[in-house]
Structure formats: structure tokens, C-alpha cells
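Read off the chains here:
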Amino acid sequence: MRILVATAVPAERDAVARALPAPGTETRLPAGTLHRHRTTTHGPDTPPSAAPLTTGSQPASLTTGPEYDLLAAGVGPALAAASTSGALTAAALAGRPYGLVVSAGIAGGFLPEAPLGSLVLADEITAADLGAETPDGFLPVTDLGFGTVTHHPPRDLVRAAATATGARTGTVLTVSTVTGSAERAAALRALHPRALAEAMEGFGVAEAAAAHSTPVLELRAVSNPVGPRDRAAWRIGDALTALTTGFGKLTPVLESWDPYEP
Ligand SMILES: O=C(O)c1cccc(C(=O)CC[C@H]2O[C@@H](n3cnc4c(=O)[nH]cnc43)[C@H](O)[C@@H]2O)c1
């Protein structure tokens with residue numbers, strides 16, 4: 001299976017890359033640069049040092065495992081959607097479509113459920129503020145008769161991935177504005193009681209994946225609490241380390257996942 005992993009920034013992409021065994025090759029697209037990591041399975045006669053990285057004329061004891069394309073897709077839902085869509089379209093036109101898209105990166109966590117350094121897996125990827133303010137409160141665009149505000153990753157995949165990584169599962173919100181006050185954090189939780197984390201790309205990545213009928217997953221490592229802004233208190237390094245560790249535990253699950261299994 002080919003898997004597209006979309007992060008916001010290169011530091012997050014590189015944190016994911018550190019969990020993958022093979023060195024990446026780079027492919028330029030109009031929408032960004034894909035860093036390709038190919039996993040291989042070695043038979044008893046093929047020491048890893050002798051294994052070629054290309055798929056052409058492989059020895060019988062070497063099979064090609066899943067291929068991961070890592071993309072720093074940009075910050076925010078619109079750029080993330082555009083970049084992800086570009087990569088999905090390029091793959092489809094090349095006759096090598098992706099079987100799964102993963103939105104990965106750091107996030108703000110709602111305390112106490114999602115503490116700093118913890119992992120969160122989305123069972124719902126929700127656009128938190130896509131809608132309209134009315135005198136009676138916020139209305140999602142779906143209540144206005146448009147589009148969608150939530151995407152659901154495959155339930156069996158979320159369950160297996162959470163078991164393997166130790167991540168908590170719940171709603172991951174996508175916002176265009178990072179929350180900066182206790183009042184806004186409380187308002188978001190009132191609207192989305194199952195929310196564990198907020199980030200800025202998941203819904204955009206999921207919209208692009210849905211347009212290509214491709215399943216999506218969102219994995220986040222918590223770098224800061226959702227609430228009053230205190231950038232100096234963000235623990236980005238710890239979150240990137242947690243992302244690497246979590247992604248390393250996730251790969252066997254992705255590699256054994258059968259999208260057609262009921
Ligand atoms: O400065 C750095 O070294 C650095 C390294 C990795 C990532 C960053 C970012 O600033 C990533 C921005 C990205 O993170 C998500 N995020 C993190 N916390 C929150 C939050 O509280 N609310 C919303 N989004 C958050 C988000 O997806 C951003 O795109 C810097």
C-alpha cells in the first residue's frame with residue numbers, strides 16, 4: 001500500500017521520517033516535495049546492507065513493503081487541503097494511487113485529557129469553526145445546508161492504532177485560529193465535548209482524501225495546552241519526539257491493515 005503522510009511543517013515531517021527505516025528520496029510536485037520512504041522485507045538470504053532500494057529486478061528474498069510519501073503540506077486547512085489534493089491527484093494520474101492518507105503533527109491538547117507529550121488519534125476530524133454565528137449561537141455549515149464538518153477515519157484502524165501507540169482517541173478539531181484564551185477553549189469544548197486536541201490541518205487533509213475516496217487518519221502529539229497563549233511554554237521538542245515514537249509504533253498497524261476487511 002502507498003501511504004501519504006501530510007504534516008504542516010518540515011520539522012514534523014522529519015519527526016515522522018525518523019520512525020521510518022529507509023532513507024528518503026525526493027520527488028518534486030507543484031504542490032510540494034514528497035519525501036519517499038520505502039520499507040522492504042528481507043528474506044533469510046538477503047542482509048539489509050545488500051538490499052537495493054529500487055523495486056526493479058529484486059532478488060526473490062526481497063519484497064517491497066509499504067511506501068510512505070511524506071509531505072510538508074503547509075500550515076492551515078486551506079493550504080493543507082490544496083497540497084494534499086495535489087499529491088493525491090499526481091499519484092492517481094500516475095496510476096499509483098494512495099491507499100491511506102495520514103495527517104500528522106503537533107497539536108494543542110485539552111487538559112486534563114490530553115496532557116503535554118501525549119498522543120491523540122482522531123476518531124472524528126472536525127472543522128471547529130466552519131459555520132455561522134447566529135443570535136442563538138454557532139451553526140455548523142451542515143445546518144446551513146452545505147458540505148460537511150466531520151470526517152471519520154476507519155474505526156478498526158483507529159482502534160488498532162490506538163492500542164499500538166497508546167494514543168487517546170477522540171475528536172481532533174481543526175481551527176484556523178490557534179486558541180488563545182480560557183474562554184475560547186471552554187467554548188470549543190462546550191460545542192465539541194469529545195474534543196481532545198486542536199490543530200490546523202486535519203480537516204483540510206481529510207477533505208482532500210475524501211475527494212479521492214481515500215481513507216484518512218490523524219495522529220497528533222500534544223505540544224501545548226489549549227488555552228491562554230504562552231508560546232514559551234510550548235514543548236515542541238518533546239512533542240516531536242513523541243510523534244516519532246508514536247509513528248514508529250503505528251507503522252506495523254498500517255502495514256497489516258486491510259481496508260477491505262469488515
Ligand atoms: O518552531 C518550531 O521548531 C516548530 C516545530 C514544529 C512545529 C512548529 C509549529 O508551529 C507547528 C504549527 C502546527 O502545530 C499545530 N498546533 C500546535 N499547537 C496548536 C494549538 O494549540 N492550536 C492549533 N494548532 C496547533 C498546528 O497544526 C500548526 O500547523 C514549530
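Per an unreviewed UniProt entry, the protein chain carries the name Futalosine hydrolase and comes from Streptomyces gottesmaniae. According to its UniProt record, the protein chain has this under Catalytic activity (unreviewed entry): "futalosine + H2O = dehypoxanthine futalosine + hypoxanthine". Turning to the protein chain, the UniProt annotation filed under Pathway (unreviewed entry) states: "Quinol/quinone metabolism; menaquinone biosynthesis."

Visitor: When you look at the overall build of the protein chain in this model, what are you seeing that I'm missing?
Guide: Tallying secondary structure elements over the protein chain gives six helices and twelve strands in all. Here the C-alpha atoms of the protein chain give a radius of gyration of 19 Å, agreeing with the 18 Å that 2.2 N^0.38 yields for 262 residues. For the protein chain, the spread of C-alpha atoms along the three principal axes comes to 70 × 40 × 35 Å. Counting across all 262 residues of the protein chain, residues that qualify as buried make up 47%. At a minimum sequence separation of 6, the contacts of the protein chain that also span at least 24 residues come to 78%. In the structure as shown, the protein chain presents an accessible area of about 12,000 Å², 57% of it carried by carbon and sulfur atoms. Between the averaged position of the 18 positive side-chain charges in the protein chain and that of its 24 negative side-chain charges there is a distance of 5 Å.

Visitor: Please clarify how the layout of surface pockets should be interpreted in this entry.
Guide: Unfilled space is identified by rolling a water-sized probe across the atoms. Put simply, the largest pocket is a space of about 320 Å³. Considering the residues around the largest pocket, the lining is formed by 21 residues, among which E12, I106, A107, M200 and W234 are closest to the centre. Residues of the lining of the largest pocket, tallied by class, amount to 13 nonpolar, three polar and five charged.

Visitor: Could you clarify how one ought to interpret the site of the ligand in this entry?
Guide: Every one of the 18 residues lining the ligand counts as a neighbour, but E198, M200, E201, N224 and W234 are closest to it. One of the backbone N or O atoms of G108 is found 3.3 Å from a nitrogen atom in the ligand. Within the backbone of M200, a nitrogen or oxygen atom sits 3.0 Å from an oxygen atom of the ligand. Protein coverage of the free-state accessible area of the ligand, which is 610 Å², stands at 82%.

Visitor: What's the story with the pairing of strand β6 (residues 119-127) in this structure? I'm lost.
Guide: Within a regular beta strand, the side chains point alternately toward one face of the sheet and then the other, so they alternate between its two faces. Buried residues dominate β6, accounting for seven of its nine residues. In the sheet, β6 pairs with strand β12 (residues 216-225) via three bridges, with the strands oriented antiparallel. Its bridge partner lying in β12, V120 is registered against R220. Looking at chain direction, β6 and strand β10 (residues 168-174) are connected through seven bridges and run parallel. Residue pairing across strands places A122 opposite G170, the latter belonging to β10.

Visitor: Quick question: what am I supposed to make of the UniProt feature "domain: Nucleoside phosphorylase" (unreviewed entry) in the protein chain here?
Guide: Mapped onto the present numbering, the UniProt feature "domain: Nucleoside phosphorylase" (unreviewed entry) falls on residues 65-230. Secondary structure content for residues 65-230 is 29% helix and 36% strand, and the end C-alpha separation is 42 Å.

Visitor: Even after reading the chapter, I still don't get the packing of helix α1 (residues 10-17) against helix α6 (residues 236-256), so can you show me in this structure?
Guide: Packed helices, taken two at a time, are described by their axes: the angle between them and the distance between them. Close contact between α1 and α6 brings their axes to 7 Å; oriented N to C, the two are set at 40°. Judged by the angle between their axes, α1 and α6 are oblique. Seen from above, α1 lies across α6 with right-handed handedness. Residue-level inspection shows A11, E12, A15 and V16 of α1 in contact with α6, the latter providing L240, L243, T244 and F247. Within the contact of α1 with α6, the residues separate by chemical class into six nonpolar, one polar and one charged.

Visitor: Honestly, the confidence of the model for the protein chain in this entry has me stumped. Any pointers?
Guide: Any segment with low pLDDT has predicted coordinates that should not be analysed in fine detail. Considering every residue of the protein chain, the mean pLDDT works out to 92; 90% of them sit at 70 or more. Of the regions scoring below 50 in pLDDT, residues 43-60 engages in 16 contacts with residues more than four places distant in sequence or in other chains. As scored by the predictor, the complex reaches a pTM of 0.91 and an ipTM of 0.95.

The rules behind each value
- Residues numbered from 1 in each chain as written.
- Predicted model: local features only at pLDDT ≥ 70, side-chain atom pairs only at ≥ 80, totals over all residues.
- Heavy atoms only, no water.
- UniProt positions renumbered as here; feature names shortened; annotations may be inferred.
- Helix = DSSP H or I, 4+ residues; strand = E, 2+ residues; numbered from the N terminus.
- Rg over C-alpha atoms; globule rule 2.2 N^0.38 Å.
- Buried < 20%, exposed > 50% of the residue type's maximum accessible area, 1.4 Å probe, protein only.
- Contact = heavy atoms within 4.5 Å.
- Areas by Shrake-Rupley, 256 points an atom, 1.4 Å probe, with all protein chains shown as cover.
- Lys, Arg positive; Asp, Glu negative; His and termini not counted.
- Charge placed at Lys NZ, Arg CZ, Asp CG, Glu CD.
- 1 Å grid on protein atoms, 1.4 Å probe; cavity = no way out; pocket = protein on both sides within 12 Å on 5 of 7 lines; lining within 4 Å.
- Points joined across faces, edges and corners; volume = space filled by probe spheres on them.
- Nonpolar A, V, L, I, M, F, W, Y, C, P; charged D, E, K, R; others polar.
- Near = heavy atom within 4 Å.
- Polar contact = N/O pair within 3.5 Å; in protein donor to acceptor, adjacent residues only side chain to side chain.
- Pairing = 2+ DSSP bridges.
- Axes fitted to C-alpha atoms, helices over the stretch in contact; angles between N-to-C directions.
- Parallel < 35°, antiparallel > 145°, perpendicular 65-115°, else oblique.
- Left-handed = near helix turned anticlockwise from the far one by under 90°.
- pLDDT = per-residue confidence, 0-100.

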